[in-house]
Amino acid sequence: MLRILIVEDSRVNMLLTVTILERAGHQALQAETAAEGLSLARAHAPDLILMDIQLPDMDGLEATRLLREDSRTRDIPIIALTAFAMKGDAEVMRDAGCDAYITKPIRYEAFLQEVEAVVQEVRGKHPAP
Ligand code: MN
């Protein structure tokens, strides 16, 4: 079971994402704005953050940069959720501090596999003390 923070302003996407994760036995924390996401990330130190790129108050990449600058959230895996990815976007997202990105609309099996793979990969890089 992973505690996963979802930062997503679309209610439809949020509901879909939460449903998939909870059915797989994970726990979902929900934020509709970047500010709320930053606050929940600092308070709960989730195992993973799913970060929408287009948010009402702040770009998801900017929010990711802020999480990477904060010692409380620096090592939390972050997967960007993006409606479309163009050539070069992967590099921009990695430069901002994202570990991976998933293109929406998400697909059940591939999504869960990616979520679990990224957490394993990042934990390998930053083993718990
Ligand atoms: Mn959005």
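Above: the structure in question.
The following refers to the structure shown. Computed from a predicted model, the values in this text were never measured in an experiment. Every chain's residues receive numbers from 1 upward, in the order its sequence appears when written. Only residues with pLDDT of 70 or above have their local features reported here, since the model is predicted, and side-chain atom pairs are shown and tallied only from 80 upward, although totals for entire chains, interfaces and linings are computed over all residues. By convention in this description, side-chain values take in all heavy atoms of the structure and omit both hydrogens and water.

## Section: the overall build of the chain
- Strands are runs of DSSP state E lasting at least two residues, helices are runs of H or I lasting at least four, and both sets are numbered from the N terminus onward. In terms of helices and strands, the chain carries 5 helices and 5 strands.
- N-terminal to C-terminal, the α/β element order of the chain is β-α-β-α-β-α-β-α-β-α.
- Only C-alpha atoms enter the radius of gyration; for comparison, a globular chain is expected to reach 2.2 Å times N to the power 0.38, where N is the number of residues. Against the 2.2 N^0.38 benchmark of 14 Å for 129 residues, the chain shows a C-alpha radius of gyration of 13 Å, consistent with a compact globule.
- Its C-alpha atoms give the chain principal-axis dimensions of roughly 35 × 30 × 30 Å.
- Each of the 129 residues in the chain was classed as buried or not, and the buried ones make up 45%.
- Only heavy atoms enter the contact rule, under which two residues are in contact if any of them lie within 4.5 Å. When contacts within the chain are restricted to residue pairs at least 6 apart in sequence, those whose partners lie at least 24 apart make up 61%.
- Charged residues are defined narrowly, with Lys and Arg counted positive, Asp and Glu counted negative, and His plus the chain ends left uncounted. Where a charge lies is defined by one atom per residue type: Lys uses NZ, Arg uses CZ, Asp uses CG and Glu uses CD. Positive and negative charge centroids in the chain, built from 14 and 21 side chains respectively, lie 2 Å apart. Burial classes follow relative accessibility: with a 1.4 Å probe on protein chains only, a residue under 20% of its type's maximum area counts as buried, one over 50% as exposed, and anything between as partly exposed.

## Description of helix α2 (residues 34-44)
- For α2, the set of buried residues is Ala34, Gly37, Leu38, Leu40 and Ala41.
- Tucked into the core, α2 has its buried residues touching β1 (3-7), β2 (27-31), β3 (48-52) and α3 (60-69).
- Of the residues trailing α2, Ala45 is marked for its positive phi of about 40°.

## Quick notes on the pairing of β3
- Counted residue by residue, β3 has 5 buried out of 5 residues, so it is predominantly covered.
- Both faces of β3 are covered, namely the face carrying Leu48, Leu50 and Asp52 and the face carrying Ile49 and Met51.
- Pairing between β1 and β3: 4 bridges, direction parallel. Residue pairing for β3: Val7 is matched across the bridge by Met51.
- Whether a crossover is right-handed comes down to one check: with the strands pointing away from the viewer, does the path from the first strand over the helix to the second run clockwise; if it does, it is right-handed. Since β3 and strand β4 (residues 78-82) lie parallel, the crossover through α3 that links them has a hand, and here it is right-handed. By definition, two strands form a pair when at least two bridges between them are found by DSSP.

## Things to note about the coordination of the manganese ion
- A 2.8 Å cut-off from the metal defines N, O and S donors, relaxed to 3.2 Å for Na, K and Ca; water is not in the atom list, so some sites may appear incomplete. Ligation of the manganese ion by protein atoms is provided by Asp9 (OD), Asp52 (OD) and Gln54 (O), these donors lying 2.0 to 2.1 Å from the ion.
- Along the chain, the residues donating to the manganese ion fall in the pattern D-x42-D-x1-Q.
- Asp52 sits in the buried class, given a relative accessible area of 4%.

## Some words on the sheet that holds β4
- Spatially, 5 strands are ordered β2-β1-β3-β4-β5 in an open sheet, and the strand pairing comes out parallel. Every other strand in the sheet has two partners, leaving β2 and β5 (100-103) as the edge strands with one partner each. Strand-to-strand, the axes of this sheet are offset by a mean angle of 20°, without reference to chain direction.
- Bridging between β4 and β5 involves 4 bridges; their strand directions are parallel. Each residue of the ladder has a partner; that of Leu81, found in β5, is Ile102. Lines fitted to the C-alpha atoms define the axes, with helices restricted to the stretch that makes contact. Angles between their N-to-C directions range from 0 to 180 degrees.

## Regarding the packing of helix α1 (residues 11-23) against helix α5 (residues 108-125)
- For the pair α1 and α5, interaxial distance at closest approach is 11 Å and the crossing angle is 70°. In terms of axis orientation, α1 runs roughly perpendicular to α5. Crossing hand, α1 versus α5: right-handed. In contact with Thr17, Ile20, Leu21 and Arg23 of α1, α5 contributes Tyr108, Phe111 and Leu112.
- Following the grouping adopted for this structure description, the nonpolar residues are Ala, Val, Leu, Ile, Met, Phe, Trp, Tyr, Cys and Pro, the charged ones are Asp, Glu, Lys and Arg, and the polar ones are all others, Gly among them. The residue inventory of the contact of α1 with α5, partitioned by class, reads 5 nonpolar, 1 polar and 1 charged. Roughly parallel means an angle under 35 degrees; roughly antiparallel means over 145; roughly perpendicular covers 65 to 115; every other angle is labelled oblique. We call a crossing left-handed when the near helix sits turned anticlockwise from the far one by less than a right angle, and right-handed when that turn is clockwise.

The quantities given are spatial measurements derived from coordinates; they are silent on function.
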